[in-house]
Amino acid sequence: MGKDWETKPSLEEKYSLPEIQDIPCPSCTKGILQISRNVHTLPDGEDILILLMECNACSFRRNDIIPLRSAFAPGTYSLTINDGDLTSKIFRSPTGVIELPEADFEIEPGASAEYWITNVEGILKRMIQFTNVMLTHASKDDANYQKIESTLEILLNCLQGTSPFHLILRDTIGGSYIASTKTDNLQFEPIKNKE
Ligand SMILES: [Zn+2]
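Residues numbered from 1 in each chain as written. Predicted model: local features only at pLDDT ≥ 70, side-chain atom pairs only at ≥ 80, totals over all residues. Heavy atoms only, no water.

> When you look at helix α3 (residues 145-160) in this model, what are you seeing that I'm missing?
Note: α-helices contain 3.6 residues per turn, so residues at a spacing of three or four share the same orientation. For α3, spanning 16 residues, the distance from its first C-alpha to its last is 23 Å, which sits close to the expected 22 Å at 1.5 Å a residue. When we look at burial in α3, the residues that qualify are Y145, I148, T151, L152, L155 and C158. For α3, the angular spread of the buried residues around the axis is 145 degrees, confining them to a single face. α3 presents Q146, E153 and Q160 as exposed residues on the side facing more than 90 degrees away from its buried surface. Contacts from the buried residues of α3 go to β6 (97-100), β7 (105-107), α2 (120-137) and β9 (165-171). (Helix = DSSP H or I, 4+ residues; strand = E, 2+ residues; numbered from the N terminus. Expected span 1.5 Å × (residues − 1). Buried < 20%, exposed > 50% of the residue type's maximum accessible area, 1.4 Å probe, protein only. Arc of directions from axis to C-beta. Contact = heavy atoms within 4.5 Å.)

Here it is in structure tokens:
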């Protein structure tokens, strides 16, 4: 023994939870979510994050329980969606890049990127929305028109669960995270520090 007096890093420090910037309320869009986070260790040794989100303007309130595995470390998450389950949660920090390789589609953080909490369905819908906007601004003679159309078709198939696809979340700084209920479908490749 003899190590008992050493201070263990707290669970919060262990997972280096990122600073969360102001997230607008998804319900009223006027309020700002007040977010409190607590990390707990379950009796079986698994760490979980309990997230409580409350709007300061309306009655919106949500609890989320997130299993923590390699949470929030810098690296690349790769999620395979092959059963139409679009409920895996995505936490994208302002430095995270989301990619859907099958559709050759990437969402890079904008200049004023915010913390984005969504799920696979939310990401697909955002991509479809972008693609529709691109189509309305493109001319049919445009060389890119067919490519945009085929991207849209792939994205719609992903949303309907008729074709398997991957979601990649790259974050070289850290703070992004994918929480999936199916651990077999999620891989994480940490960024290795250069010597
Ligand atoms: Zn609200």
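> Looking at this structure, how should I read the coordination of the zinc ion?
Expected angles at a metal are 109.5 degrees for tetrahedral coordination by four donors and either 90 or 180 degrees for octahedral coordination by six donors. Ligation of the zinc ion by protein atoms is provided by C25 (SG), C28 (SG), C55 (SG) and C58 (SG), these donors lying 2.3 to 2.4 Å from the ion. Taken together, the 4 donor atoms coordinating the zinc ion span angles of 103 to 114 degrees at the metal, a pattern that classifies the geometry as tetrahedral. Counting gaps between the donor residues of the zinc ion yields the pattern C-x2-C-x26-C-x2-C. Here C55 lies in strand β2 (residues 47-55) and C28 lies in the loop between α1 (11-14) and β1 (33-41), a separation of 27 residues in the sequence. Overall, C55 belongs to the buried group, its relative accessible area being 9%. (Donors = N, O, S within 2.8 Å, 3.2 Å for Na, K, Ca; no water. Tetrahedral: all angles 85-135°; square planar, octahedral: opposite > 155°, others 65-115°.)

> How do you make sense of the sheet that holds strand β5 (residues 89-92) when you look at a structure like this?
Strand pairing in a sheet takes place through backbone hydrogen bonds and is either antiparallel or parallel in direction. Pairing in this open sheet of 3 strands is antiparallel, and the strands run β8-β5-β10 from one edge to the other. Of all the strands in the sheet, just β8 (116-119) and β10 (177-179) have a single pairing partner and so form its edges. The mean inter-strand angle of the sheet, taken between neighbouring strand axes irrespective of direction, is 15 degrees. The pairing of β5 with β8 spans 4 bridges and is classified as antiparallel. For I90, the partnering residue across the bridge sits in β8 and is T118. (Pairing = 2+ DSSP bridges. Axes fitted to C-alpha atoms, helices over the stretch in contact; angles between N-to-C directions.)

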